[in-house]
Amino acid sequence: MVRRRLALLMAQVVLAGACSLPGGRASSPADTPTGFPTATPRPTAARTPTPPATSPTTSPATSPGIGFDFDAGEIVATGLDVPWAIAFTADGDAIVTERETGRFLRVRPGDTPVEVGRMEDVAPEEEAGLLGIAAAPPPSDELYLYYGTQRDHRLVKLRLGTRRQVLLAGIPGSPFHTGGRLAFGPDGMLYVSVGDATSPDSAMDADSLTGKILRLAPDGTIPADNPFPQSAVWSRGHRNVEGFTWDDAGRMWATELGEDRFDELNRIVPGGNYGWPVVEGPGGGPDIDPVLTWSPAEASPAAIAFARGSLWIAALRGTRLWQVPIDADGRPGRPVAHLVGAFGRLRIVEVGPDGWLWVGTSNRDGRGGPPGPADDRIVRFPPLASP
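Computed from a prediction, not measured in an experiment: that's the story for all the values here. (Residues numbered from 1 in each chain as written. Predicted model: local features only at pLDDT ≥ 70, side-chain atom pairs only at ≥ 80, totals over all residues. Heavy atoms only, no water.)

### Some words on the overall build of the protein
Each helix and strand counted, the protein has 1 helix and 24 strands in total. Taken over 387 residues, the protein has a buried fraction of 58%. In the protein, once contacts between residues fewer than 6 apart in sequence are set aside, the share between residues at least 24 apart is 54%. (Helix = DSSP H or I, 4+ residues; strand = E, 2+ residues; numbered from the N terminus. Buried < 20%, exposed > 50% of the residue type's maximum accessible area, 1.4 Å probe, protein only. Contact = heavy atoms within 4.5 Å.)

This is the structure we're talking about:
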């Protein structure tokens with residue numbers, strides 16, 4: 001039944017042509033970065049890829065590779081209120097946070113979402129609220145959440161049905177540039193992104209937690225091998241990182257929302273300085289330049305995941321899913337766009353334990369067109385069979 005509903009939705013998208021698409025704005029050639037290939041909503045045929053115009057580190061030889069079947073998606077959940085992140089527990093359940101309500105819900109294919117907890121002291125405002133969630137490795141029922149209160153932003157740990165433990169509090173808060181992504185790295189450490197909280201100069205300040213990616217032990221203590229002594233800071237000079245992940249070689253990648261000109265894909269290294277607010281996008285100076293950039297209209301990137309040889313990036317304003325293949329040396333290939341306008345603003349992308357790619361919309365966040373009657377949604381897509 002869910003496949004049938006999805007097929008009907010995609011057919012409506014194709015018939016809509018240049019009209020407003022469900023949950024988003026109209027798709028047009030102006031939405032496509034110059035020189036970047038686009039896969040239009042299926043079943044319309046994809047355009048022929050052309051070399052990118054502005055990414056000297058891109059490897060033209062890197063092909064998109066094997067991905068996911070965007071014809072065979074399944075709608076897992078509808079009627080959510082600005083879902084922000086997903087974590088998968090030991091039994092394979094997806095736990096989804098809602099930014100506005102402070103709820104986190106258990107989501108299973110074929111079932112109605114069930115509330116399993118709520119942050120009563122959450123203070124939703126603009127981009128702030130209940131944001132990231134991560135499950136302790138190996139996937140377990142021990143959850144970590146990042147959210148904003150009226151006083152600060154904080155990181156907490158809990159098990160479902162038990163009292164929470166505050167691991168980090170007093171993070172300067174703001175309605176904007178909140179960061180909020182959580183994930184455990186291959187080293188078993190917990191990584192946290194914190195936006196600059198509309199205080200750009202703090203991003204360069206190694207003594208401030210804002211404008212940073214942080215690295216903590218699972219108990220909230222500071223690892224001894226962090227790049228700055230007795231500091232949780234892993235990297236700095238960030239405006240607003242809403243997504244990061246690791247590839248199969250253990251390289252860390254992060255998306256970054258720019259101000260007016262460039263959104264970024266960055267390769268993160270310990271102690272790295274990524275230039276904000278001195279530069280936005282490539283600067284050619286002592287700071288680390290992004291490996292790829294987009295205009296905000298093409299991206300406004302949120303979550304990022306790695307699977308099947310590619311990075312998968314959810315785009316908010318760009319209303320699409322970017323695929324960036326990565327070669328063995330860590331060089332990105334030609335970006336390809338999928339699901340262009342098909343579901344509106346995309347905020348969540350995660351690979352589930354089922355091997356499917358889970359994608360979540362953000363059409364009720366007040367930033368795009370009017371939400372559709374089924375928004376917000378979680379959709380999953382199966383992997384394509386290898387040739």
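### Examining the packing of aromatic side chains
Between two aromatic rings, the relevant description is the distance of the centres plus the angle of the planes. Tallying each qualifying case throughout the model produces 10 aromatic pairs. For the ring pair Phe68 and Trp312, a centre distance of 5.2 Å and an interplane angle of 75° mean the geometry is edge-to-face. Pair noted here: Phe68 is in the loop between helix 1 (2-16) and strand 1 (74-77) and Trp312 is in strand 19 (residues 310-315), with a separation of 244 residues, a long-range link. On the basis of relative accessible area, Trp312 is assigned to the buried category, the value being 0%. (Phe/Tyr/Trp six-rings, centres within 6.5 Å; stacked < 30°, edge-to-face > 60°.)

### Remarks on the confidence of the model for the protein
Averaged over every residue, the pLDDT of the protein is 86; the share at 70 or more is 84%. Counting contacts from residues 1-57, a segment whose pLDDT is below 50, to residues more than four positions away or on other chains yields 112 contacts. (pLDDT = per-residue confidence, 0-100.)

### Comments concerning the nonpolar core
Of all hydrophobic cores here, the largest spans 33 residues; its most connected members are Met119, Tyr144, Leu145, Leu155, Leu182, Leu190 and Val192. Counting residues per element, the ones that place at least two in this core are strand 2 (83-88), strand 6 (130-135), strand 7 (142-148), strand 8 (153-159), strand 9 (165-171), strand 10 (182-184), strand 11 (190-194) and strand 12 (212-216). Aside from chain neighbours lying at most four places away, what touches Leu145 is Thr97, Phe104, Met119, Leu130, Gly132, Ile133, Arg154, Leu155, Val156, Leu158 and Leu182. Formed by 18 residues, the second largest nonpolar core is a distinct cluster that contains Ile75, Leu339, Leu346 and Phe381. (Core = buried A, V, L, I, M, F, W, Y, C linked by side-chain atoms within 4.5 Å.)

### Some words on the environment of Pro373
With respect to the helices and strands, the residue Pro373 is situated in the loop between strand 23 (357-361) and strand 24 (378-381). Residue Pro373 is classed as exposed on the basis of its relative accessible area of 91%.

### Considerations on the pattern of salt bridges
Enumeration over the complete set of coordinates arrives at 20 salt bridges. Between Arg106 and Asp93 there is a salt bridge; the shortest N-O distance is 2.9 Å. Taken together, the positions of Arg106 in strand 4 (residues 103-107) and Asp93 in the loop between strand 2 and strand 3 (94-98) put the pair 13 residues apart, joining distant regions of the chain. Asp93 gets classed as buried once you look at its relative accessible area, which sits at 7%. (Salt bridge = Lys/Arg side-chain N within 4 Å of Asp/Glu carboxyl O.)

### Here we look at the pairing of strand 12
Strand 12 sits mainly inside the fold: 5 of its 5 residues count as buried. A two-sided burial pattern is seen for strand 12, the buried positions comprising Lys212, Leu214 and Leu216 on one face and Ile213 and Arg215 on the other. Where strand 11 and strand 12 come together, 5 bridges link them in antiparallel fashion. Counterpart to Val192 in the pairing with strand 12 is Leu214. Pairing of strand 12 with strand 13 (residues 233-236) involves 3 bridges; the strand directions are antiparallel. Following the sheet pairing, Leu214 is matched in strand 13 by Val233. (Pairing = 2+ DSSP bridges.)

### What about the sheet that holds strand 10?
Either a parallel or an antiparallel arrangement is found when strands of a sheet pair, and the pairing is made through backbone hydrogen bonds. The sheet built from 4 strands is open, its strands ordered 10-11-12-13 with antiparallel pairing. Strands at the two margins of the open sheet, each flanked by one partner only, are strand 10 and strand 13. With direction set aside, neighbouring strand axes in the sheet form an average angle of 20°. (Axes fitted to C-alpha atoms, helices over the stretch in contact; angles between N-to-C directions.)

### Observations regarding the sheet that holds strand 3
Overall, antiparallel pairing links the 4 strands, which are arranged 2-3-4-5 in an open sheet. One side of each edge strand has no neighbouring strand; the edge strands of this open sheet are strand 2 and strand 5 (114-118). Pairwise comparison of adjacent strand axes, ignoring direction, gives a mean angle of 30° for this sheet. Note that strand 3 and strand 4 share 4 bridges and pair antiparallel. Note that in strand 4 the partner of Ala94 across the bridge is Val107.

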